[in-house]
Amino acid sequence: MAKNETATVTIRQTGSPIRRKSDQRATLAGLGLNRMGRESTLEDTPSVRGMIAKVAHMVEVVEK
């Protein structure tokens, strides 16, 4: 990878936050997701990976 190019990860929301704990809802909002089918592209950092792991049952990593 080039020096200025950062790694990114694209995630898609596949599950609904209805009847989920408030911290899981907040994690989805922090990832930029709020509706099923939405996609968000973020920097691939350990904190983002941890957030994805917390709501892994409601999101999927999109391969492009």
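Now for a quick tour of the structure. This one's a predicted model, so the numbers in the text were calculated from it and none came from an experiment.

**Structural notes on the sheet that holds strand E1 (residues 8–13)**
Point 1. With antiparallel pairing, 3 strands are arranged side by side in an open sheet as E2-E1-E3. Strands with a single pairing partner mark the edges of an open sheet, and in this sheet they are strand E2 (39–43) and strand E3 (59–62). Neighbour to neighbour, the strand axes of the sheet diverge by 35° on average, direction disregarded.
Point 2. Sheet analysis places E1 next to E2, joined by 5 bridges and oriented antiparallel. Looking at E2, one finds that Thr10 is bridged to Thr41.

**Here we look at the nonpolar core**
Point 1. Ranked by size, the top nonpolar core spans 10 residues in total: Val9, Ile11, Leu28, Leu31, Leu33, Val48, Ile52, Val55, Met58 and Val59.
Point 2. Only E1 and helix H2 (46–54) provide two or more residues apiece to this core.
Point 3. Leaving out residues up to four positions away in the same chain, Leu33 has contacts with Ile11, Gln13, Leu28, Arg38, Glu39, Ser40 and Val59.

**Comments concerning the environment of Lys21**
Point 1. Mapping Lys21 onto the fold places it in the loop between E1 and helix H1 (22–30).
Point 2. What makes Lys21 exposed here is its relative accessible area of 61%.
Point 3. Placed 22 residues apart in sequence, Lys21 and Glu43 show a C-alpha to C-alpha distance of 25 Å.

**Regarding the pattern of salt bridges**
Point 1. For the structure on display, the rule yields 4 salt bridges.
Point 2. When the shortest N-O distance is used, the salt bridge between Glu60 and Arg12 registers 2.5 Å. With Glu60 in strand E3 and Arg12 in strand E1, the pair connects residues that are 48 residues apart, well separated along the chain.
Point 3. On the basis of relative accessibility, which here comes to 34%, the residue Glu60 falls in the partly exposed class.
Point 4. By relative accessible area, Arg12 is classed as partly exposed at 26%.
Point 5. Salt-bridge contacts for Asp23 lead to Lys54; the nearest nitrogen and oxygen are separated by 3.1 Å. Taken together, the residues Asp23 in helix H1 and Lys54 in helix H2 connect sequence positions 31 residues apart.
Point 6. For Lys54, a relative accessible area of 40% translates into the label partly exposed.
Point 7. Residues joined in a network through salt bridges with shared partners are Arg12, Glu39 and Glu60.

Thresholds applied
- Every residue gets a number counted from 1 within its own chain, in the order that chain's sequence is written.
- Totals for whole chains, interfaces and linings use all residues, but because this is a predicted model, local features are given only for residues with pLDDT of at least 70 and pairs of side-chain atoms are given and counted only at 80 or more.
- The basis for the side-chain values is all heavy atoms of the structure; hydrogens and waters are excluded.
- Only when DSSP finds a minimum of two bridges between them are two strands counted as paired.
- In this description a helix means any DSSP run of H or I spanning at least four residues, a strand means any run of E spanning at least two, and both kinds are numbered starting from the N terminus.
- In this analysis, axes come from line fits to C-alpha atoms, helices being fitted only over the stretch in contact, and the angle between any two N-to-C directions falls in the range 0 to 180 degrees.
- Within this scheme, the nonpolar core is defined by two criteria: the residues are buried Ala, Val, Leu, Ile, Met, Phe, Trp, Tyr or Cys, and they are joined through side-chain atoms within 4.5 Å.
- Only protein chains enter the accessibility calculation, which uses a 1.4 Å probe. A residue is then buried if its area is under 20% of the maximum for its type, exposed if over 50%, and partly exposed in between.
- Any two residues having at least one pair of non-hydrogen atoms within 4.5 Å are treated as being in contact.
- Here, a salt bridge means any Lys or Arg side-chain nitrogen found within 4 Å of an Asp or Glu carboxyl oxygen.

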